[in-house]
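# Geometric and topological summary
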Amino acid sequence: MSVLLAPPSRLQARQLTLSYGERPIVEGVDLALRDGEFTVIIGPNGCGKSTLLRAFSRGLLPEKGEIHLDGENLHRYKPRRVARELSLLSQNASLTESLTVFDLVSRGRYPHQTFLRPWSAEDEQVVKAALSAVDLTAMAQRPVNALSGGQRQRAWFAMTLAQQTPIVLLDEPTTWLDIAHQIELLDLCRALHQQGKTLVMVLHDINQALRYATHLVMMKAGQIVAEGKPVDIVTEASMADVFGLKCRIIDDPETGKPLIIPRFSSL
């Protein structure tokens, strides 16, 4: 009899409990982020999606349980080593000082630099390529704090690209972007995934999640209630139970993937 092996996972949460003050947000969660997958975490507001992602980036110390990277507690790693393995685009990224767009994106190269190699032609090339990918080359010398919200979000994403980590964490990366730039950024994420990177993203737009994700994690009230292939996870029943939404699910005429159509409350 054949034995089904669990998919490989460098980054894992074990019995993870996360709290802000005395209020637990995530409780007793086990989650292995599958290598090479484009994982999207979905769930209603306040269910713990962003809190969980923050813990995976070492931005929040667990109250209980551990995050493991390559079998070792993530909090035992030195910050520079972590920054070479995983990057985070935060929903609330902000600056405490005025930087140009080029300077901000250049910060993504810091984990790869040493005392003997502070900056190189390769760093310059990587930063310029990241700026080009998000269509900000012409704004490279502008102050970040002079950009629109959407432009600023793209600049932060470019910094994430410049970091060149094998694992990329993104918390609501389409925030502040118009629909065209949302799709552009998500297409960039899909291209990163196709290059072999592991992506983990929090999204509110479930139809976008269904379009791009290869693996879906559904949360409710600090717990993971389902995970697996998007087509198996998002059903009319699960949408009603987790989101309180009555809907129809049809085939997307563009991709053939599931597409959620909300019903009118009066029907």
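See the structure above.
The structure contained in this document is the topic of the report that follows. For clarity, every value in this text was computed on a predicted model and none was experimentally measured.

## Concerning the overall build of the chain
Scanning the chain from N- to C-terminus turns up 9 helices and 12 strands. For the chain, whose C-alpha radius of gyration is 19 Å, the value lies close to the compact-globule estimate of 18 Å for 267 residues. Its C-alpha atoms give the chain principal-axis dimensions of about 60 × 45 × 40 Å. The proportion of buried residues among the 267 residues of the chain is 46%. Sequence-distant contacts, at least 24 apart, represent 63% of the contacts inside the chain between residues at least 6 apart. Only carbon and sulfur atoms are counted for the fraction: they give 51% of the accessible area of the chain, which is about 13,800 Å². Of note, the chain has its 29 positive side-chain charges centred 3 Å away from the centre of its 29 negative side-chain charges.

## Topic: the pattern of salt bridges
What the rule picks out here adds up to 6 salt bridges. The residue lysine 128 makes a salt bridge to glutamate 124 at a minimum N-O spacing of 3.8 Å. Here lysine 128 pairs with glutamate 124, and both are found in helix 4 (residues 121–133), just 4 residues apart, close to one helical turn.

## Quick look at the pairing of strand 4 (residues 64–69)
Relative to strand 4, strand 1 (residues 11–20) runs antiparallel, the two being bridged by 5 bridges. Within the sheet, the bridge partner assigned to alanine 13 lies in strand 4 and is isoleucine 67. Linking strand 4 to strand 5 (residues 72–73), which pair antiparallel, is a turn of 2 residues; within it aspartate 70 sits at a positive phi near 55 degrees.

## A word on helix 9 (residues 236–243)
Listed as buried for helix 9 are Ser238, Met239 and Val242. Mapping the buried residues of helix 9 onto a view down its axis gives an arc of 100 degrees, with all of them on the same face. Backbone geometry just downstream of helix 9 places glycine 244 in the positive-phi region, at approximately 65 degrees.

## Quick word on the pairing of strand 3 (residues 38–42)
In terms of burial, strand 3 is a largely internal element, 5 of the 5 residues being buried. Pairing geometry for strand 3 and strand 8 (residues 198–202), over 4 bridges, is parallel. Paired with isoleucine 41 across the bridge in strand 8 is valine 202. Bridge count for strand 3 against strand 9 (residues 215–220) is 4 bridges, and the pairing is parallel. Directly across from isoleucine 42, in strand 9, lies its bridge partner methionine 218.

## Re the environment of leucine 161
Positionally, leucine 161 belongs in helix 5 (residues 149–163). A C-alpha to C-alpha distance of 13 Å links leucine 161 and phenylalanine 102, two positions 59 residues apart in sequence. Those residues in contact with leucine 161 that sit more than four places away from it in its chain are Ala130, Ala133, Val134 and Leu192.

## A short note on the state of the cysteines
According to the stated counting rule, one finds 0 disulfides in the structure shown. The cysteine cysteine 189 is free of any disulfide, with cysteine 47 supplying the nearest cysteine sulfur at 20 Å. Sulfur of cysteine 247: no disulfide; nearest cysteine sulfur belongs to cysteine 47 and is 17 Å away. Take cysteine 247: its relative accessible area is 4%, and that puts it in the buried class.

## Let's talk about the sheet that holds strand 5
On the basis of which strands lie adjacent, the open sheet formed by 4 strands has the order 2-1-4-5 and antiparallel pairing. Every other strand in the sheet has two partners, leaving strand 2 (23–33) and strand 5 as the edge strands with one partner each. Together, strand 1, strand 2 and strand 4 form the strand contacts of helix 1 (residues 49–56), whose direction differs from that of strand 1 by roughly 120 degrees.

## Topic: the nonpolar core
Judged by nonpolar contacts, the single largest core of 48 residues is most densely connected at Val40, Phe157, Leu216 and Val234. If one sorts the elements of this core by residue count, helix 5 sits on top with 7 residues. Those residues in contact with leucine 216 that sit more than four places away from it in its chain are Val40, Ile42, Ala209, Leu210, Ala226, Glu227, Gly228, Pro230, Ile233 and Val234.

How each quantity is defined
In this numbering scheme, every chain counts its residues from 1 along its sequence in written order. Residues qualify for local features only when their pLDDT is at least 70, as the model is predicted, and side-chain atom pairs are given and counted only at 80 or more; totals for whole chains, interfaces and linings, by contrast, use all residues. Excluding hydrogens and water, the side-chain figures rest on all heavy atoms present in the structure. Note on conventions: DSSP H or I runs of at least 4 residues are helices, E runs of at least 2 residues are strands, and numbering of each starts at the N terminus. With C-alpha atoms as the basis for the radius of gyration, the globule rule is written as 2.2 Å multiplied by the number of residues raised to the power 0.38. Burial classes: relative accessible area under 20% of the type maximum marks a residue as buried, over 50% as exposed, and values in between as partly exposed (1.4 Å probe, protein chains only). When checking whether two residues touch, look at their non-hydrogen atoms; a contact exists if any pair is within 4.5 Å. Each accessible area is a Shrake-Rupley result for a 1.4 Å probe, and residues are judged covered by the shown protein chains and nothing else. Note on charges: Lys and Arg go in the positive column, Asp and Glu in the negative column, and His and the chain ends are not counted at all. Here the site of a charge means NZ on Lys, CZ on Arg, CG on Asp, or CD on Glu. We define a salt bridge as a side-chain nitrogen of Lys or Arg found within 4 Å of a carboxyl oxygen belonging to Asp or Glu. The pairing criterion for strands is at least two bridges between them, as found by DSSP. Summarising the geometry, the arc corresponds to the directions from the helix axis toward the C-beta atoms. Whenever a pair of cysteine sulfur atoms sits within 2.5 Å, that pair is classed as a disulfide. Between N-to-C directions, angles cover 0 to 180 degrees, with each direction set by a line fitted to C-alpha atoms, over the stretch in contact for helices. What makes a nonpolar core is a set of buried Ala, Val, Leu, Ile, Met, Phe, Trp, Tyr and Cys residues whose side-chain atoms join them at distances within 4.5 Å.

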